[in-house]
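So you can see what is in the structure, the chains are spelled out below.
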Amino acid sequence: MEYKVAKFGGSSLATADRIKHVCDVVLSDPARKYVVVSAPGKKEDKEHKVTDHLINIARSGSHIHAYTARHSLDFLNQRYNEIAEGIGINPVFLERIMEDLESRRASKYDSPAAKEDAIKAWGEDSNARIIAEHLKLRGVYATYVNPRVAGFAVEGNFGNASVSQSTYPNLEKSLALPEAVIIFPGFFGYTKQGHVATFSRGGSDLTGAVIAAAMNAREYENWTDVDGIYSADPRIVAEPSLIRYVTYSELRELSYMGFSVFHDEAISPVRRNMIPTHIRNTSKPEEQGSKIVTKRIPSLNEVVLGVACKKDFCSFDIRKDNMNKEIGFLARATNVFNNYHISIEHMTTGVDFVSVVISQNQLDNGKLDEIYRALHTELRINDAIDALDFTMDRAMVIAVGEGMKRHLDAEARITGALSKAKIKPGMISKPEHGLSIIYGVGNDEAEDAVRAIHSEMIK
Ligand code: ASP
C-alpha cells in the first residue's frame, strides 16, 4: 500500500475539539500513516499563535520584555491545559511537556538565535506528543517520532534553515513500512552539531513535503482552514475564485509573491518527486480543495490564474554608458551584493541600464549606504555621464497562468487595466517561459494593481 502524508496547520489544531476532529479525519483513511502537525494556532483572529508566544518568551531576556514573557507563559499554560483536559491527556503527561519548555528556556546556547529556535520548536514538538498520546488513548496504534531520531537533518541559518540532502535517505529508512500512525512535528530539524533549527514561518508545510518526497507518498494532503488556493488574497480582492488545479510552477511563482496557503519552499520536494499535492479544508473534508499537479491544460478562455503582490523591495538602478562593452560589469555589480550576503530577487536590463531588486529587510545596519558606495566604486560610476540611484518601498505584482502562453493579448490587457487604475509600472519582467509577468509598482499601489489585474483578467 502506498501511503499518504497528511499535514495539519495550526488553526486546525488550536483547540481540543479541533484536535479531536483532525484525529477523526486521519482515521477515516487508513492510507494516512504519516501525520505532520503544526503548533496550535489561533482560536480566533485576534489572538496570537503559540509560535508567536514562544518567540516572545525566547526574546524576553531583558526587563523590557518581562511582562510579555509572563503573559505568553500564562497563555501557553492555559491553552495547553484546556487542550489536555479536552482530549483526556493525563496531567502528569502534560506536566512533563511543560517541564520540557522550562528546560529549553534554562539551557545554555551558543547564540540567541539557537535559543529562539529551540524554544520555538517546542510548539510543534509538544503538539505532536500530545496528539499521539490522544490517539493512543483512543486505542489507535500511533507513535510520536522525533525528527532527530528519524534523521531529519537541516543546515544553514537558525530561523531559516534548509533541508540537508541526507534527510531523504535517512527518512526513507527510518520511516519505512509504518505499522503505527506516525505523528511527526513540523517546522524543525537538527543541525550536524545537534541543535534544533527551524524553517521560516509556516515551515511545517516543508516538513510534510520532505516526508512525502522521501517516502514516495501516494499523495501529500495539506489540511488548512481555507477551501483551497484562491486566485488572489481575499483580503485584497473580495470573493476571488477558488483554483481547482494549479501546476507546481504556477504555484511556486504565486507563493513566492505572497500566496501563503502553501509555503513556497515546500513546492520543490513534491515537484521533484512528482507527488500529487492536495490543499484541503479541515472543517470541510467532503470538499474538493485545490490540487497541485505537474501539468494541466487551461480552458480556452482562461488567461491568468492568479494575481499576487509582495512589498518592501529596494531597487538599485544603474545607468552606465556603454555597459554592454564592459566585460564582467554585471558580475561586479552582483558581487557587491554577494559581499554583503544579500540575495538578489530580480534583475532587469536595458541597453545601458540595469535594475537590481533586493528585499528591503536585508538592509539593516546602514548597509544601504555601504552598498551604494561599493557599487559606485566597483562599477566606476562617473557622475557626469552615468547614474546610480535607489528607490525604497517598491512592490512586485505578479500575474501567473499557463493560459498566458497562448493569449497574445494578455500583456496588453494587463497594461491597459493598470493604466485605467492610473498605475504606471516601473520595471516589467517577463521570463521566457511566458508563465508570468512581474510589474514593479509603489508599495502604496500594490493592492490597487492586484485588484485591477484581477478584475480584468479573472473576474
Ligand atoms: N508554527 C509555525 C508558524 O507559526 C510553523 C507552521 O505552522 O508551519 O510559523
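Scroll up a little and you will see the structure.
### A word on the packing of aromatic side chains
If you walk through the whole model with that rule in mind, you get 10 aromatic pairs. On the basis of an interplanar angle of 55 degrees and a centroid distance of 6.0 Å, the ring pair of Tyr 220 and Phe 262 is categorised as tilted. With Tyr 220 in strand S9 (residues 219-224) and Phe 262 in the loop between helix H10 (248-256) and helix H11 (267-272), the pair connects residues that are 42 residues apart, well separated along the chain. For Phe 262, a relative accessible area of 2% puts it in the buried group. For the pair Phe 316 and Phe 337, a centre-to-centre distance of 5.4 Å together with 70 degrees between the ring planes defines the contact as edge-to-face.

### What to know about the nonpolar core
One finds Phe 152, Leu 175, Phe 184 and Ile 211 to be the most contacted residues of the largest nonpolar core, which totals 54 residues. With seven residues, the top contributor of residues to this core is helix H9 (residues 204-214). In this structure, Ala 6, Ile 89, Met 98 and Ile 183 belong to the second largest nonpolar core, which totals 42 residues.

### As for the pattern of salt bridges
Pairs can form between side chains of opposite charge whenever their charged atoms are close. Applying the stated rule across the entire model yields 33 salt bridges. Among the ionic pairs, Glu 411 bridges to Lys 430, the shortest N-O distance being 3.4 Å. Of this pair, Glu 411 sits in helix H14 (residues 410-420) while Lys 430 sits in the loop between strand S19 (428-429) and strand S20 (436-442); the two residues are 19 residues apart in sequence, bridging distant segments of the chain. By relative accessible area, Lys 430 is classed as partly exposed at 45%.

### Quick notes on the sheet that holds S20
The antiparallel open sheet is built from six strands, whose spatial order is S16-S17-S15-S18-S20-S19. In this open sheet, the two edge strands, each paired with only one partner strand, are strand S16 (344-349) and S19. The pairing of strand S15 (residues 306-319) with strand S18 (residues 387-400) spans 11 bridges and is classified as antiparallel. By the bridge assignment for S18, Gly 306 is matched with Val 400. Here H14 sits on the sheet and contacts S18 and S20; the angle it forms with S20, its principal contact strand, is near 20 degrees.

### Some remarks on the sheet that holds strand S2 (residues 32-37)
Strand order in the open sheet formed by eight strands is S3-S6-S2-S1-S9-S13-S14-S12, and the pairing between neighbours is mixed. Looking at strand neighbours, the two that pair on one side only are strand S3 (142-144) and strand S12 (245-247), the edges of this open sheet. Geometrically, the sheet is characterised by an average inter-axis angle of 20 degrees between neighbouring strands, direction not taken into account. In terms of strand pairing, S2 meets strand S6 (residues 181-185) through four bridges, oriented parallel. Bridge pairing in S6 places Val 37 opposite Pro 185. With respect to the sheet, H10 is in contact with S12, strand S13 (277-281) and strand S14 (290-293), its orientation differing from that of S12 by roughly 85 degrees.

### Brief notes about the pairing of S15
Among the 14 residues that make up S15, 10 are buried, leaving the element largely enclosed by the rest of the structure. In terms of strand pairing, S15 meets strand S17 (residues 353-359) through seven bridges, oriented antiparallel. Residue pairing in the sheet places Arg 319 in a bridge with Phe 353 of S17.

### A few points about the pairing of S18
Sheet topology note: the S18/S20 ladder contains seven bridges and is antiparallel. Directly across from Arg 394, in S20, lies its bridge partner Gly 442.

### As for the site of the ligand
Surrounding the ligand, one finds Ser 38, Lys 49, Thr 51, Glu 124, Phe 187, Arg 201, Gly 202, Gly 203 and Ser 204. At 3.5 Å, a side-chain N or O of Lys 49 approaches an oxygen atom of the ligand. Between an oxygen atom of the ligand and a main-chain N or O atom of Gly 202, the distance comes to 2.8 Å. About the coverage of the ligand: the protein hides 94% of its 260 Å² of free accessible area. Its residues placed into classes, the shell around the ligand shows one nonpolar, five polar and three charged.

Definitions and cut-offs
Residues numbered from 1 in each chain as written. Predicted model: local features only at pLDDT ≥ 70, side-chain atom pairs only at ≥ 80, totals over all residues. Heavy atoms only, no water. Phe/Tyr/Trp six-rings, centres within 6.5 Å; stacked < 30°, edge-to-face > 60°. Helix = DSSP H or I, 4+ residues; strand = E, 2+ residues; numbered from the N terminus. Buried < 20%, exposed > 50% of the residue type's maximum accessible area, 1.4 Å probe, protein only. Core = buried A, V, L, I, M, F, W, Y, C linked by side-chain atoms within 4.5 Å. Salt bridge = Lys/Arg side-chain N within 4 Å of Asp/Glu carboxyl O. Pairing = 2+ DSSP bridges. Contact = heavy atoms within 4.5 Å. Axes fitted to C-alpha atoms, helices over the stretch in contact; angles between N-to-C directions. Near = heavy atom within 4 Å. Polar contact = N/O pair within 3.5 Å; in protein donor to acceptor, adjacent residues only side chain to side chain. Areas by Shrake-Rupley, 256 points an atom, 1.4 Å probe, with all protein chains shown as cover. Nonpolar A, V, L, I, M, F, W, Y, C, P; charged D, E, K, R; others polar.

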